[in-house]
Amino acid sequence: QTDLTLILDRISDPGNLGTILRTALAVEVGRVYLTPGSVDAFNPKVVRAGMGAHFKLAIYEETLDEIMVGIKGQELWIAEARQGVVYHQVDWRKPIALAVGSEAHGLNRSFHAQASGQVHIPIGSHSESLNAATAAAVILFEIQRQRGS
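Summarised in this report is the structure supplied together with it. Here the structure is a predicted model, which is why all the values come from computation and not from measurement. (Residues numbered from 1 in each chain as written. Predicted model: local features only at pLDDT ≥ 70, side-chain atom pairs only at ≥ 80, totals over all residues. Heavy atoms only, no water.)

A word on the packing of aromatic side chains
- If you walk through the whole model with that rule in mind, you get two aromatic pairs.
- Ring centres 5.5 Å apart and planes at 35° place the aromatic pair Tyr-33 and Tyr-60 in the tilted group. One end of the pair, Tyr-33, is in strand β2 (residues 31-34); the other, Tyr-60, is in strand β3 (residues 59-61), with 27 residues separating them in the sequence.
- Residues Trp-77 and Trp-92 carry aromatic rings whose centres are separated by 5.9 Å and whose planes lie at 65° to one another, so their mutual orientation is edge-to-face. A residue pair is termed long-range when its members are at least 10 positions apart, and Trp-77 in strand β4 (residues 75-79) and Trp-92 in the loop between β5 (85-86) and β6 (96-101) qualify at 15 residues. Assigned by exposure class, Trp-77 and Trp-92 land together as buried. (Phe/Tyr/Trp six-rings, centres within 6.5 Å; stacked < 30°, edge-to-face > 60°. Helix = DSSP H or I, 4+ residues; strand = E, 2+ residues; numbered from the N terminus. Buried < 20%, exposed > 50% of the residue type's maximum accessible area, 1.4 Å probe, protein only.)

Some remarks on helix α5 (residues 132-147)
- Compared with the 22 Å implied by 1.5 Å per residue over 16 residues, the 23 Å span of α5 between its first and last C-alpha is a close match.
- The buried fraction of α5 amounts to 12 of the 16 residues, a majority that puts the element mostly inside the structure.
- Those residues of α5 lying buried are Ala-132, Ala-133, Ala-135, Ala-136, Ala-137, Ile-139, Leu-140, Glu-142, Ile-143, Gln-144, Gln-146 and Arg-147.
- The elements touched by buried residues of α5 are β1 (4-9), α1 (14-26), β4, β6 and β7 (117-120).
- Sitting at the head of α5, Asn-131 places a side-chain oxygen 2.7 Å from the backbone nitrogen of Ala-133. (Expected span 1.5 Å × (residues − 1). Contact = heavy atoms within 4.5 Å. Polar contact = N/O pair within 3.5 Å; in protein donor to acceptor, adjacent residues only side chain to side chain.)

Remarks on α1
- With 13 residues, α1 extends 18 Å between its outermost C-alpha atoms, agreeing within 8% with the 18 Å of an ideal straight helix rising 1.5 Å per residue.
- The set of residues buried in α1 consists of Pro-14, Asn-16, Leu-17, Gly-18, Ile-20, Leu-21, Thr-23 and Ala-24.
- Taken together, the buried residues of α1 touch β1, β2, α2 (44-50), β3 and α5.
- Its side-chain oxygen at 3.0 Å from the backbone nitrogen of Gly-15, Asp-13 defines the N-terminal cap of α1.
- Positive backbone phi, approximately 65°, marks Glu-28, located one or two places after α1.

Regarding the sheet that holds β1
- One open sheet accounts for seven strands, arranged β3-β2-β1-β6-β4-β7-β5; its pairing is parallel. This sheet does not close on itself; its edge strands, each paired only once, are β3 and β5.
- Direction of pairing for β2 relative to β3: parallel, over a ladder of three bridges. Counted as the bridge partner of Tyr-33 is Tyr-60 from β3.
- Along the sheet face, α1 touches β1, β2 and β3 and points at about 175° away from the line of β1.
- α5 rests against β1, β4, β6 and β7 of the sheet, and its axis sits at about 165° to β6. (Pairing = 2+ DSSP bridges. Axes fitted to C-alpha atoms, helices over the stretch in contact; angles between N-to-C directions.)

Next comes the structure, spelled out in structure tokens:
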């Protein structure tokens, strides 16, 4: 579905990126954008963890400005630890772009100026954040659930 885009900002761990791409394919993400500073999508470890997702996903390595042009007509939602609304309270049935950042750096602050909103996954007080691949999976499967696919 081309009305669901995933933006991955500076994901540096090959295993995480491959896992996210595998999940994106499972929930039928239409496009995946990688920002500068992300691990190469075709790094052998990414490809191995992606389990074939590379052959079916539209993956683009773009600048922030190019991404903003590419998601025109979609609401941009950003995933941030303990910020914004709880992920299942958003109506994900409209055209959406979801941005997920690295655990080390979070999202580039430029995304905040363009965002329709922020979402988070409630976690226990003893945990700082979730792994990027885990967070992406939880939110993407909620989008799929709401869309009934």
